[in-house]
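# Examining the three-dimensional arrangement
Residues per chain are reported as follows:
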Amino acid sequence: MVSINIAIVDDERSVSVLLSRFLSREAPHLSIASFESGQDLLEFLKTNEVDCILSDYQMPVMSGLDLLAAIKEQGYDIPVIFITGQGNEDLARDVFRSGAFDYFTKDIGFAHLPRIINSIEQAIKRRAAERSRLEAEDFLNIIVNENPYSIWISDDEGTLVRINRACCDLLRIKEEEVVGKYNILRDEVIEEQGVMPLVKKVFENGEAVRFDIKYDSSRLGNISLEKKTCVMLNVTIFPIVGSNGRVTNAVIQHTDISERKRVEEALEKRLVALTRPLDTAAGIAFEELFNMEDIQRLQDEFALATGVASLITRPDGTPITAPSSFCRICKDIIRKTEKGRANCRRSDAIIGRLSTQGPVVEPCLSGGLWDAGAGISVGGQHIANWLVGQVRDATQTEEKMRAYARDIGADEDAVVEAFLEVPAMSRERFGQVAQALFTLANQLSATAYQNVQQARFISESKRAEEALRMHEKRRAELYSMISHDFKSPISIIVGYAKLIMSDKDKLDADTFEMVSAIEGSCARLYSMVEDAVASFKLEDGFISLNKIHLDIAGYINEIVVPFKVLARQKGLTLESGISTDLPKLEIDRRYMDRAVSNLLQNAINYAPAGGVITVTARRGKSESVPAVIISVKDTGPGISIEEQGRIFEKYYRSPKTSGIAGTGLGLVIARTVVEAHGGRVEVQSEEGKGSTFRIILPALNE
């Protein structure tokens, strides 16, 4: 047993010695040190560990209460038990109010010593538990406060009790503004955006939930905040459940998704634009087809590589991109005048006209410098002009530039000075640049068309996905309706029919026969409904196997029992031959029961009166892997080779089934279930000689 360090403080040494001897004898695991004053103990505590203190209440210089106060003040978490020669209710009240763990009187001979020992042990256990609680709380504080994700914690009624720095930063709030004041279950913003039912699920049902919300802190009318914020949040709330099964707290985590939402909305807007008909009046904007940062970079690099100015405009000449390498005469002089700017845009619209033959190369209609343009289109619709130029050759002169300066109201000398700064380029070289521009513009046109087609494909895919979701929702509703709204009344009809038939002596033969027919028909209808629901679930992948290890011999014998009764009622013999040394299988009983039962029911349905049905289970192999082979053999009409290729088709029913109730789903369900278990179903049949169906399942390693 772990040693426990006890300190006894009493100004009467004889009491300390007596108490020490009693404790040592009855509790040898206690290591005891005695002190005659509180000051001596405090000095001892500076270098030694003490687990519990037994102190006299009344002592000179420093009383027991003074000692307890000093221990607390110096930061020691040591439980103190008072032992005093006198006791009354007022003294006991003072002792416990001061924080003492327990209180005993100095009875003659310390008759209550066992109680003191028990109190010591309980005090130490409580201290250990409190230390663990504080450590856990400190650890939780570190996890919460240092977590980079925004987190707050509420109590069981939704009131905020803790919040971390990341949350304060994200929502621009202060801890003192919201802790103890904000309640998520009374938040009008959450209520207005329709997610309050989800929040209530956390507190009422103990469910974790997640949702997106546009959070506007200015709407928190009952809480005063220094700063307001509006942010798109992804909110995850999960409950903390106590040992009693009730929610004690909720942890709420926020993630800022404002940028993601902005991008999604922009993409959605772009998708809407790109899926408009190309021949509409509004048309499609160039910016809706491309990432404009990429386009601007392409334009800048083209201008830098070729030594020309460059700009992309709308078909009417209105700029879309920022100018690249524009010369001073165009940028700072001509385009600064109203007439010059109008002339530039008119020239850009004309030179950038759509042409399939090659680039348009001609002098600018504004300053007369050489320009070239190529139109960009999508599906034949002109959406932009890519223009390059602002170069000169011998055809441009100072006299012409002065005349143009006077025409647009610009300073002649400034125009001439800037004109001389314009780069010179031969017509041949400029033609090569223009041809490269034309090639790039055509590539952009092709890319634009591809973007439109891709956007339309995405839009169609989204519509198809939404239609599929609606289809799946309706199928799920259909499962529910069939399972409940159909099966429940059928069960009631069967129940009443059986109840009526139980009073057979009170019924005439015709009535009994009619009620029996009702009961039998409803039972078959119930089975058909079960088959339909099972087929839907299997087809949609809703099958979820809950496998268990099973003794297959006992399992098959158990399934066969009710079918022996059915066979006898139809004048058939059902025999079974189950090996006793079969390995165990891992199967889902609920589904495998249906698979095996469907084969047995088919055998009974098709076997003629006096026929024999044989069920066997034996060891075997499947592709060299140990397996169990379950066989159902009948003496029915058999199945032709042609039909054997169709019997596992959904809803297929042989012409020989006339007069036999069924859905054409039994074999489909059996095969799907067996395949879900890693097995297969085989059939062996010959017309006029009966059929044998085998379920082959992999065995567990022995």
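Our subject is the structure listed above.
In this text the structure is predicted, and so the values were computed from the model without any measurement.

## Focus: the sheet that holds strand β11 (residues 309–313)
With antiparallel pairing, four strands are arranged side by side in an open sheet as β11-β14-β13-β12. Every other strand in the sheet has two partners, leaving β11 and β12 (360–363) as the edge strands with one partner each. Averaged over all pairs of adjacent strands, the angle between strand axes in this sheet comes to 25 degrees, irrespective of strand direction. Sheet topology places β11 next to strand β14 (residues 381–391); five bridges connect them, and they run antiparallel. Residue pairing in the sheet places A309 in a bridge with G389 of β14.

## Observations concerning the pairing of strand β4 (residues 80–84)
Counting buried residues in β4 gives five out of five residues, a clear majority hidden from the surface. The pairing of strand β3 (residues 52–56) with β4 spans four bridges and is classified as parallel. Residue L54 lies in a different strand from β4, and its bridge partner there is I81. Crossover handedness for the path β3 to helix α3 (residues 64–73) to β4: right-handed. Taken together, the four bridges between β4 and strand β5 (residues 102–105) define a ladder with parallel strand orientation. In the strand pairing of β5, I81 is matched with D102.

## Describing the sheet that holds strand β6 (residues 150–155)
A sheet is described by the order of its strands in space; here five strands give the open sequence β7-β6-β10-β9-β8, paired in antiparallel fashion. Two strands lie at the open edges of the sheet, namely β7 (160–163) and β8 (209–216), each paired on one side alone. Averaged over all pairs of adjacent strands, the angle between strand axes in this sheet comes to 30 degrees, irrespective of strand direction. Pairing of β8 with strand β9 (residues 230–241), which is carried by eight bridges, proceeds in the antiparallel orientation.

## Points about helix α19 (residues 589–606)
Counted at 1.5 Å a residue, the expected span for α19 with its 18 residues is 26 Å, and the 26 Å between its end C-alpha atoms agrees. Every buried residue of α19 is accounted for by Y591, M592, A595, V596, N598, L599, L600, A603 and I604. The backbone nitrogen of R590 lies 3.0 Å from a side-chain oxygen of the residue at the head of α19, namely D588.

## A look at a positive patch on the surface
Together, K331, K336, R341 and R345 make up a region of like positive charge exposed at the surface. The topology assignment puts R345 in helix α13 (residues 338–351).

## A closer look at the side chain of R335
Tracing the chain through its elements places R335 in the loop between α12 (328–333) and α13. Classification of R335 by relative accessible area gives buried; the value is 18%. Side-chain polar atoms of R335 contact the side chain of D348, separated by 3.3 Å. In contact with R335, not counting residues within four places along its chain, are L311, F326, C330, R341, C344 and D348.

## Points about the packing of aromatic side chains
When we look at a pair of aromatic rings, we describe it by the centre distance and by the angle of the planes. For the coordinates displayed, the defined rule picks out five aromatic pairs. Judged by centre distance (5.0 Å) and plane angle (55 degrees), the ring pair of W152 and Y182 falls under tilted. Of this pair, W152 sits in strand β6 while Y182 sits in the loop between α7 (175–178) and α8 (188–192), and the two are 30 residues apart along the sequence. Between F286 and F290, the ring centres sit 4.9 Å apart and the planes meet at 40 degrees, which makes this aromatic pair tilted.

## Re helix α4 (residues 89–97)
Where α4 is concerned, the buried positions are L91, A92 and V95. Projected down its long axis, α4 carries its buried residues within an arc of 100 degrees, all on one side. What points out from α4, more than 90 degrees from its buried face, is the exposed set E89 and R97. Buried residues belonging to α4 abut β4 and β5. With its phi angle positive at about 105 degrees, G99 sits one or two positions after the end of α4.

## Looking at the environment of I350
Assignment of secondary structure puts I350 in helix α13. Taking the C-alpha atoms as reference, I350 lies 9.0 Å from L365; in sequence the two are 15 residues apart.

## A look at the environment of C344
By the secondary structure assignment, C344 is in helix α13. C344 gets classed as buried once you look at its relative accessible area, which sits at 4%. On a C-alpha basis, the gap between C344 and L365 in space is 6.9 Å, while along the polypeptide they are 21 residues apart. With near-sequence residues (within four places) excluded, C344 lies in contact with I334, R335 and S366.

## Things to note about a nonpolar patch on the surface
The grouping of I492, Y496 and L499 at the surface amounts to a nonpolar patch, some 340 Å² of accessible area in total. Assignment of secondary structure puts I492 in helix α16 (residues 427–501). When its relative accessible area of 48% is taken as the criterion, I492 is described as partly exposed.

## Regarding the packing of α13 against helix α14 (residues 398–408)
As a packed pair, α13 and α14 sit with axes 8 Å apart at the nearest point and diverge in direction by 110 degrees. Viewed along their axes, α13 and α14 adopt a mutual orientation that is roughly perpendicular. Side by side, α13 and α14 meet where K339, G340 and N343 of the first sit next to Y404, D407 and I408 of the second. Across the contact of α13 with α14, the residue classes tally to two nonpolar, two polar and two charged.

Conventions used here
Residues numbered from 1 in each chain as written. Predicted model: local features only at pLDDT ≥ 70, side-chain atom pairs only at ≥ 80, totals over all residues. Heavy atoms only, no water. Pairing = 2+ DSSP bridges. Helix = DSSP H or I, 4+ residues; strand = E, 2+ residues; numbered from the N terminus. Axes fitted to C-alpha atoms, helices over the stretch in contact; angles between N-to-C directions. Buried < 20%, exposed > 50% of the residue type's maximum accessible area, 1.4 Å probe, protein only. Right-handed = clockwise from strand over helix to strand, strands pointing away. Expected span 1.5 Å × (residues − 1). Polar contact = N/O pair within 3.5 Å; in protein donor to acceptor, adjacent residues only side chain to side chain. Patch = residues over 30% accessible without salt bridge, like charges linked within 9 Å, V, L, I, M, F, W, Y side chains within 5 Å. Areas by Shrake-Rupley, 256 points an atom, 1.4 Å probe, with all protein chains shown as cover. Salt bridge = Lys/Arg side-chain N within 4 Å of Asp/Glu carboxyl O. Lys, Arg positive; Asp, Glu negative; His and termini not counted. Charge placed at Lys NZ, Arg CZ, Asp CG, Glu CD. Contact = heavy atoms within 4.5 Å. Phe/Tyr/Trp six-rings, centres within 6.5 Å; stacked < 30°, edge-to-face > 60°. Arc of directions from axis to C-beta. Parallel < 35°, antiparallel > 145°, perpendicular 65-115°, else oblique. Nonpolar A, V, L, I, M, F, W, Y, C, P; charged D, E, K, R; others polar.

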